[in-house]
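Now for the letters of each chain:
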Amino acid sequence: MPKFIFFILLTFILSCFAETPRKVPVMLDSIPHDQTHFTQGLFFDGKELVESTGGYGGSGLYRCTPEGDVLDSARLAERYFGEGSVAVGGDIFYLTWKSKKAFIYNRKPFKPKGSFSIPTEGWGLTFWNNALLMSNGSSELLQIALGGFQVVGTIVVTDEGRPLRNLNELEVVGNTLYANIWTTGLIAVISLPEGKVTQYIDMTKKASDIRSRYPNADVLNGIAFDGKFLWITGKNWPQIYKIQMP
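The following paragraphs examine the structure supplied in this document. This structure is a prediction, so every number in the text was calculated from the model and none was measured. (Residues numbered from 1 in each chain as written. Predicted model: local features only at pLDDT ≥ 70, side-chain atom pairs only at ≥ 80, totals over all residues. Heavy atoms only, no water.)

1. Points about the nonpolar core
With 18 residues, the main nonpolar core has L141, L164, L167, L177, I190 and L192 as its most contacted residues. Taken together, the elements giving at least two residues each to this core come down to β17 (167-173), β18 (176-181), β19 (186-191) and β20 (196-202). With 16 residues, the next largest nonpolar core counts Y178, I201, L220 and I232 among its residues. (Core = buried A, V, L, I, M, F, W, Y, C linked by side-chain atoms within 4.5 Å. Buried < 20%, exposed > 50% of the residue type's maximum accessible area, 1.4 Å probe, protein only. Helix = DSSP H or I, 4+ residues; strand = E, 2+ residues; numbered from the N terminus.)

2. A few points about the sheet that holds strand β14 (residues 151-156)
On the basis of which strands lie adjacent, the open sheet formed by 4 strands has the order β11-β12-β13-β14 and antiparallel pairing. Of all strands in the sheet, those bounded by a partner on one side alone are β11 (125-128) and β14. Across the sheet, the axes of successive neighbouring strands diverge by a mean angle of 30°, strand direction being ignored. In this sheet, β14 lies alongside strand β13 (residues 140-145) in antiparallel orientation, the contact comprising 5 bridges. Its bridge partner lying in β14, I144 is registered against V151. (Pairing = 2+ DSSP bridges. Axes fitted to C-alpha atoms, helices over the stretch in contact; angles between N-to-C directions.)

3. Quick notes on the packing of aromatic side chains
Under the definition given, this model contains 11 aromatic pairs. Centroid distance F38 to F81: 6.4 Å. Interplanar angle 85°. Geometry classified as edge-to-face. Here F38 is found in the loop between β2 (27-32) and β3 (39-45), whereas its partner F81 is found in the loop between β6 (70-75) and β7 (82-88), with 43 residues between them in sequence. Relative to F81, the ring of Y56 lies with its centre 5.2 Å away and its plane at 80°, an arrangement referred to as edge-to-face. Of this pair, Y56 sits in the loop between β4 (48-53) and β5 (60-64) while F81 sits in the loop between β6 and β7, and the two are 25 residues apart along the sequence. On the basis of relative accessibility, which here comes to 13%, the residue F81 falls in the buried class. These aromatic residues form a ring-pair network of at least three members: F38, Y56, F81 and W97. Stacked on the ring of W97, the Lys or Arg K98 has its end atom at 4.4 Å from the ring centre. The ring centre of F229 lies 4.3 Å from the NZ or CZ of K242, which sits over that ring. (Phe/Tyr/Trp six-rings, centres within 6.5 Å; stacked < 30°, edge-to-face > 60°. Lys NZ or Arg CZ within 6 Å of the ring centre and 35° of its normal.)

4. Concerning the environment of F225
Note that F225 resides in strand β21 (residues 220-225). F225 sits 164 residues away from L61 along the chain, and the two C-alpha atoms are 18 Å apart. In contact with F225, other than residues within four places in its own chain, are F44, E171, V173, L230 and M245. (Contact = heavy atoms within 4.5 Å.)

5. A look at the side chain of D159
With respect to the helices and strands, D159 occurs in strand β15 (residues 158-159). Buried and unpaired, D159 has R162 as its nearest opposite-charge partner, separated by 7.0 Å. Of the polar contacts made by the side chain of D159, one reaches the side chain of T20; its length is 2.3 Å. A distance of 2.6 Å separates polar atoms of two side chains, one belonging to D159 and the other to Y200. (Lys, Arg positive; Asp, Glu negative; His and termini not counted. Salt bridge = Lys/Arg side-chain N within 4 Å of Asp/Glu carboxyl O. Polar contact = N/O pair within 3.5 Å; in protein donor to acceptor, adjacent residues only side chain to side chain.)

Bear in mind that shape data such as this cannot, by itself, settle questions of function.
So this is what it looks like as C-alpha coordinates:
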(Lines give C-alpha, C1' and ligand atoms only; values in the text may rest on other atoms or scores of the structure.)
Protein backbone atom coordinates (compact mmCIF):
# COMPACT_ATOMS: atom_id res chain seq x y z
CA MET A 1 0.00 0.00 0.00
CA PRO A 2 1.19 3.61 -0.50
CA LYS A 3 3.31 4.86 2.41
CA PHE A 4 1.02 7.77 3.33
CA ILE A 5 -1.95 5.38 3.60
CA PHE A 6 0.16 2.96 5.67
CA PHE A 7 1.11 5.66 8.20
CA ILE A 8 -2.49 6.93 8.46
CA LEU A 9 -3.64 3.36 9.17
CA LEU A 10 -0.81 2.80 11.63
CA THR A 11 -1.62 6.00 13.53
CA PHE A 12 -5.29 5.02 13.74
CA ILE A 13 -4.53 1.52 15.00
CA LEU A 14 -2.09 2.74 17.64
CA SER A 15 -4.59 5.34 18.85
CA CYS A 16 -7.09 2.54 19.52
CA PHE A 17 -4.82 0.78 22.03
CA ALA A 18 -5.47 1.30 25.71
CA GLU A 19 -2.72 2.45 28.05
CA THR A 20 -1.22 -1.01 28.46
CA PRO A 21 2.52 -1.07 29.27
CA ARG A 22 4.90 -1.17 26.34
CA LYS A 23 8.44 -2.45 26.81
CA VAL A 24 11.30 -1.97 24.36
CA PRO A 25 13.18 -5.30 24.31
CA VAL A 26 16.90 -5.77 24.83
CA MET A 27 18.51 -7.07 21.61
CA LEU A 28 20.90 -9.88 22.47
CA ASP A 29 21.97 -11.26 19.09
CA SER A 30 20.91 -11.67 15.48
CA ILE A 31 21.18 -14.24 12.70
CA PRO A 32 20.74 -13.82 8.94
CA HIS A 33 17.31 -13.94 7.33
CA ASP A 34 16.62 -14.40 3.62
CA GLN A 35 15.33 -11.03 2.43
CA THR A 36 13.27 -12.70 -0.29
CA HIS A 37 11.15 -14.42 2.36
CA PHE A 38 7.79 -12.72 3.02
CA THR A 39 7.56 -14.16 6.52
CA GLN A 40 4.20 -15.47 7.69
CA GLY A 41 5.17 -18.11 10.24
CA LEU A 42 8.34 -18.88 12.20
CA PHE A 43 9.19 -21.48 14.82
CA PHE A 44 12.08 -23.56 16.12
CA ASP A 45 12.17 -27.30 15.52
CA GLY A 46 15.00 -28.32 17.79
CA LYS A 47 17.93 -26.11 16.79
CA GLU A 48 16.56 -25.53 13.30
CA LEU A 49 14.17 -22.79 12.20
CA VAL A 50 11.08 -23.53 10.13
CA GLU A 51 9.60 -20.59 8.25
CA SER A 52 6.45 -20.31 6.15
CA THR A 53 6.24 -17.54 3.57
CA GLY A 54 3.47 -15.81 1.61
CA GLY A 55 2.76 -14.31 -1.76
CA TYR A 56 1.09 -15.79 -4.82
CA GLY A 57 3.80 -17.80 -6.51
CA GLY A 58 6.18 -17.27 -3.61
CA SER A 59 4.66 -19.26 -0.75
CA GLY A 60 6.60 -22.10 0.80
CA LEU A 61 8.05 -23.87 3.81
CA TYR A 62 11.75 -23.65 4.62
CA ARG A 63 13.85 -25.49 7.17
CA CYS A 64 17.06 -23.57 7.89
CA THR A 65 20.08 -23.64 10.15
CA PRO A 66 20.72 -20.62 12.38
CA GLU A 67 23.37 -19.64 9.82
CA GLY A 68 20.69 -19.41 7.13
CA ASP A 69 21.49 -22.58 5.19
CA VAL A 70 18.33 -24.18 3.73
CA LEU A 71 18.04 -27.86 4.67
CA ASP A 72 14.59 -28.56 3.22
CA SER A 73 11.84 -26.71 1.39
CA ALA A 74 8.39 -27.15 -0.16
CA ARG A 75 6.34 -24.77 -2.28
CA LEU A 76 2.62 -24.12 -2.52
CA ALA A 77 0.89 -23.92 -5.89
CA GLU A 78 0.79 -20.39 -7.33
CA ARG A 79 -2.94 -20.01 -6.61
CA TYR A 80 -2.31 -20.17 -2.84
CA PHE A 81 -1.04 -17.39 -0.58
CA GLY A 82 0.69 -19.01 2.39
CA GLU A 83 0.33 -17.82 5.96
CA GLY A 84 1.20 -19.12 9.44
CA SER A 85 2.44 -22.59 10.33
CA VAL A 86 3.11 -24.83 13.32
CA ALA A 87 4.51 -28.31 13.99
CA VAL A 88 2.50 -30.81 16.05
CA GLY A 89 3.77 -34.35 16.45
CA GLY A 90 5.00 -35.57 13.08
CA ASP A 91 3.07 -32.96 11.10
CA ILE A 92 3.36 -29.34 10.05
CA PHE A 93 0.14 -27.41 9.50
CA TYR A 94 0.35 -24.53 7.01
CA LEU A 95 -2.45 -22.00 6.53
CA THR A 96 -3.49 -20.12 3.41
CA TRP A 97 -4.82 -16.58 3.44
CA LYS A 98 -8.07 -16.39 1.47
CA SER A 99 -8.54 -19.92 0.14
CA LYS A 100 -10.11 -21.21 3.41
CA LYS A 101 -7.72 -24.13 3.25
CA ALA A 102 -4.80 -25.43 5.28
CA PHE A 103 -2.19 -27.96 4.23
CA ILE A 104 -0.58 -30.78 6.18
CA TYR A 105 3.06 -31.72 5.60
CA ASN A 106 5.26 -34.39 7.05
CA ARG A 107 7.46 -32.69 9.61
CA LYS A 108 10.81 -34.04 8.48
CA PRO A 109 11.40 -34.25 5.59
CA PHE A 110 8.67 -31.99 4.16
CA LYS A 111 6.16 -34.03 2.20
CA PRO A 112 2.51 -33.20 1.43
CA LYS A 113 0.11 -35.35 3.45
CA GLY A 114 -3.28 -33.71 2.98
CA SER A 115 -5.38 -30.61 3.60
CA PHE A 116 -8.45 -29.43 5.48
CA SER A 117 -10.90 -26.55 5.36
CA ILE A 118 -10.79 -23.52 7.65
CA PRO A 119 -13.87 -21.32 8.16
CA THR A 120 -12.23 -17.91 7.71
CA GLU A 121 -9.09 -16.35 6.34
CA GLY A 122 -5.93 -17.84 7.83
CA TRP A 123 -3.30 -15.54 9.35
CA GLY A 124 -1.27 -16.93 12.26
CA LEU A 125 -1.08 -20.42 13.75
CA THR A 126 0.21 -22.03 16.92
CA PHE A 127 -0.75 -24.95 19.20
CA TRP A 128 -2.20 -24.65 22.70
CA ASN A 129 -4.33 -26.77 25.01
CA ASN A 130 -4.40 -29.73 22.59
CA ALA A 131 -5.79 -27.69 19.70
CA LEU A 132 -4.56 -25.52 16.88
CA LEU A 133 -4.94 -21.83 17.70
CA MET A 134 -5.53 -19.66 14.63
CA SER A 135 -5.77 -15.92 14.06
CA ASN A 136 -7.64 -14.41 11.13
CA GLY A 137 -7.10 -10.66 11.42
CA SER A 138 -9.95 -10.15 13.86
CA SER A 139 -9.85 -10.09 17.66
CA GLU A 140 -10.93 -13.75 17.78
CA LEU A 141 -8.62 -16.75 17.97
CA LEU A 142 -10.17 -19.99 16.72
CA GLN A 143 -9.43 -23.25 18.52
CA ILE A 144 -9.38 -26.04 15.94
CA ALA A 145 -9.36 -29.67 17.03
CA LEU A 146 -6.92 -32.10 15.48
CA GLY A 147 -8.43 -34.98 13.56
CA GLY A 148 -11.75 -33.56 12.42
CA PHE A 149 -10.41 -29.97 12.26
CA GLN A 150 -13.62 -28.52 13.65
CA VAL A 151 -13.73 -25.23 15.56
CA VAL A 152 -14.22 -26.21 19.20
CA GLY A 153 -13.87 -22.78 20.80
CA THR A 154 -12.90 -19.15 20.43
CA ILE A 155 -10.84 -16.77 22.51
CA VAL A 156 -11.52 -13.05 22.19
CA VAL A 157 -8.38 -11.00 22.77
CA THR A 158 -8.96 -7.76 24.66
CA ASP A 159 -6.86 -4.83 25.86
CA GLU A 160 -8.47 -3.30 28.96
CA GLY A 161 -11.77 -4.81 27.85
CA ARG A 162 -11.57 -3.56 24.26
CA PRO A 163 -11.26 -6.13 21.44
CA LEU A 164 -7.80 -6.10 19.85
CA ARG A 165 -7.95 -6.64 16.10
CA ASN A 166 -5.30 -7.45 13.48
CA LEU A 167 -3.82 -10.39 15.41
CA ASN A 168 -1.32 -11.97 13.07
CA GLU A 169 1.61 -14.38 13.57
CA LEU A 170 1.45 -16.32 16.85
CA GLU A 171 3.83 -18.05 19.24
CA VAL A 172 2.74 -19.67 22.49
CA VAL A 173 4.96 -20.26 25.53
CA GLY A 174 3.11 -22.10 28.28
CA ASN A 175 -0.08 -20.10 28.83
CA THR A 176 1.33 -16.92 27.35
CA LEU A 177 0.64 -16.03 23.72
CA TYR A 178 2.76 -13.63 21.71
CA ALA A 179 0.97 -12.08 18.73
CA ASN A 180 2.15 -9.66 16.06
CA ILE A 181 -0.30 -6.81 15.54
CA TRP A 182 -0.43 -6.28 11.79
CA THR A 183 0.87 -2.93 10.44
CA THR A 184 2.45 -2.06 13.81
CA GLY A 185 5.79 -2.67 15.48
CA LEU A 186 4.05 -4.16 18.50
CA ILE A 187 3.81 -7.71 19.79
CA ALA A 188 0.94 -8.29 22.20
CA VAL A 189 1.66 -10.44 25.26
CA ILE A 190 -1.61 -12.26 25.98
CA SER A 191 -2.64 -14.44 28.93
CA LEU A 192 -4.50 -17.64 28.07
CA PRO A 193 -7.27 -18.69 28.29
CA GLU A 194 -8.55 -15.24 29.34
CA GLY A 195 -7.29 -13.53 26.18
CA LYS A 196 -6.21 -10.44 28.10
CA VAL A 197 -3.28 -8.35 26.86
CA THR A 198 -0.87 -7.82 29.75
CA GLN A 199 1.75 -5.74 27.90
CA TYR A 200 3.32 -5.07 24.51
CA ILE A 201 6.81 -5.73 23.24
CA ASP A 202 7.58 -2.52 21.39
CA MET A 203 9.69 -3.08 18.28
CA THR A 204 8.45 0.12 16.62
CA LYS A 205 11.83 1.87 16.47
CA LYS A 206 13.64 -1.21 15.14
CA ALA A 207 10.94 -1.85 12.53
CA SER A 208 11.02 1.78 11.37
CA ASP A 209 14.80 1.73 11.14
CA ILE A 210 14.82 -1.44 9.05
CA ARG A 211 12.11 -0.16 6.71
CA SER A 212 14.07 3.08 6.19
CA ARG A 213 17.31 1.26 5.33
CA TYR A 214 15.88 -1.63 3.33
CA PRO A 215 13.28 -0.51 0.74
CA ASN A 216 11.87 -4.01 0.26
CA ALA A 217 11.39 -4.65 3.99
CA ASP A 218 7.80 -4.87 5.13
CA VAL A 219 6.09 -5.09 8.52
CA LEU A 220 7.15 -6.89 11.67
CA ASN A 221 6.01 -10.52 11.49
CA GLY A 222 7.63 -13.66 12.84
CA ILE A 223 8.05 -14.89 16.43
CA ALA A 224 9.97 -18.01 17.44
CA PHE A 225 10.84 -19.37 20.91
CA ASP A 226 14.03 -21.39 21.34
CA GLY A 227 13.22 -22.65 24.85
CA LYS A 228 14.69 -19.58 26.54
CA PHE A 229 14.57 -16.57 24.23
CA LEU A 230 12.29 -15.07 21.61
CA TRP A 231 13.56 -14.48 18.08
CA ILE A 232 11.79 -11.77 16.09
CA THR A 233 11.81 -10.84 12.40
CA GLY A 234 9.65 -9.28 9.71
CA LYS A 235 8.61 -9.73 6.11
CA ASN A 236 11.70 -9.42 3.89
CA TRP A 237 13.87 -8.38 6.84
CA PRO A 238 17.65 -8.99 6.69
CA GLN A 239 17.97 -10.39 10.23
CA ILE A 240 16.18 -12.39 12.91
CA TYR A 241 16.70 -10.78 16.32
CA LYS A 242 17.16 -12.56 19.60
CA ILE A 243 15.53 -10.62 22.44
CA GLN A 244 15.26 -10.88 26.19
CA MET A 245 11.72 -11.95 27.08
CA PRO A 246 9.81 -9.39 29.18
